[in-house]
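Per-entry structural report
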Amino acid sequence: MFNSVKEKLGTTSKVVYRDENDFIKKMRSLRTYCPIAYKDLLFNVNIQDFQSVKDGIYEYELKTSKEFRFVYGQIKVVYSVTNGVVIIENLQPAQFLLDGYLNMLDTYKGLPYRHSKDKFKINMLEKTKKV
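Treat the numbers as computed from the prediction; the structure is a model and nothing was measured.

**Focus on unusual backbone geometry**
Residue P93 is bonded to the preceding Q92 through a cis peptide linkage, with omega at 5 degrees. For P93, the position within the fold is in the loop between β4 (85-92) and α6 (94-102). A positive phi angle, near 55 degrees, is found at N83, a position not held by glycine. Inspection of the secondary structure assignment puts N83 in the loop between β3 (76-82) and β4. Classification of N83 by relative accessible area gives exposed; the value is 65%. Even without a glycine there, the phi angle at K109 is positive, about 55 degrees. Considering the arrangement of structural elements, one finds K109 in the loop between β5 (106-108) and β6 (111-113). Overall, the relative accessible area of 49% leaves K109 in the partly exposed class.

Below you can see the structure in the form of structure tokens.
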């Protein structure tokens with residue numbers, strides 16, 4: 001699985017991972033809990049676009065459902081560019097993805113949750129849909 005991600009993100013081009021093991025864990029969790037964003041990262045992200053920007057830290061927003069965005073926030077790839085070398089810094093929301101990797105999360109009203117705070121946000125989402 002990860003070999004295809006590595007090939008897609010560019011092992012032949014100048015790409016470095018800040019913490020490759022951490023990124024692998026987050027990718028596996030992303031595949032489980034938000035397949036839309038996973039497919040967007042796998043098939044629509046072009047690493048040459050990342051290399052063409054000036055040096056600095058950037059975020060690339062992946063496709064995220066409205067419900068997931070309301071509860072956990074937008075899914076983003078955080079990367080930096082230094083002298084044409086792309087460094088994949090992080091995949092956000094990082095804590096949710098790591099929690100999802102360590103433990104299989106339960107679902108509540110169709111969304112994964114970790115604790116009562118997430119359930120509260122899901123209930124708020126349902127209430128805003130009714131209004």
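**Comments concerning the packing of aromatic side chains**
Following the criterion strictly, the structure yields 9 aromatic pairs and no others. Relative to F96, the ring of F68 lies with its centre 5.3 Å away and its plane at 75 degrees, an arrangement referred to as edge-to-face. You can see F68 sitting in helix α5 (residues 66-72) and its partner F96 sitting in helix α6, a full 28 residues away along the chain. Accessibility classification places F68 together with F96 in one group, the buried group. Following the ring pairs from residue to residue traces out a cluster consisting of Y33, F68, Y72 and F96.

**So, the pattern of salt bridges**
Here the structure, examined in full by the defined rule, presents 6 salt bridges. In this structure, the salt-bridge partner of K26 is D22, at a minimum N-O distance of 2.8 Å. Within this pair, K26 and its partner D22 are both found in helix α2 (residues 20-33), separated by 4 residues, close to a single helical turn. According to the relative accessible area criterion, K26 is buried, its value standing at 3%. The partner of E59 in a salt bridge is K76, with the nearest N and O atoms 3.3 Å apart. Separated by 17 residues along the polypeptide, E59 in strand β2 (residues 56-61) and K76 in strand β3 bring together distant segments of the chain. With a relative accessible area of 19%, K76 lands in the buried category. If you follow the salt bridges from partner to partner, you end up with D99, R114 and D118 in one network.

Cut-offs applied
Residues numbered from 1 in each chain as written. Predicted model: local features only at pLDDT ≥ 70, side-chain atom pairs only at ≥ 80, totals over all residues. Heavy atoms only, no water. Helix = DSSP H or I, 4+ residues; strand = E, 2+ residues; numbered from the N terminus. Buried < 20%, exposed > 50% of the residue type's maximum accessible area, 1.4 Å probe, protein only. Phe/Tyr/Trp six-rings, centres within 6.5 Å; stacked < 30°, edge-to-face > 60°. Salt bridge = Lys/Arg side-chain N within 4 Å of Asp/Glu carboxyl O.

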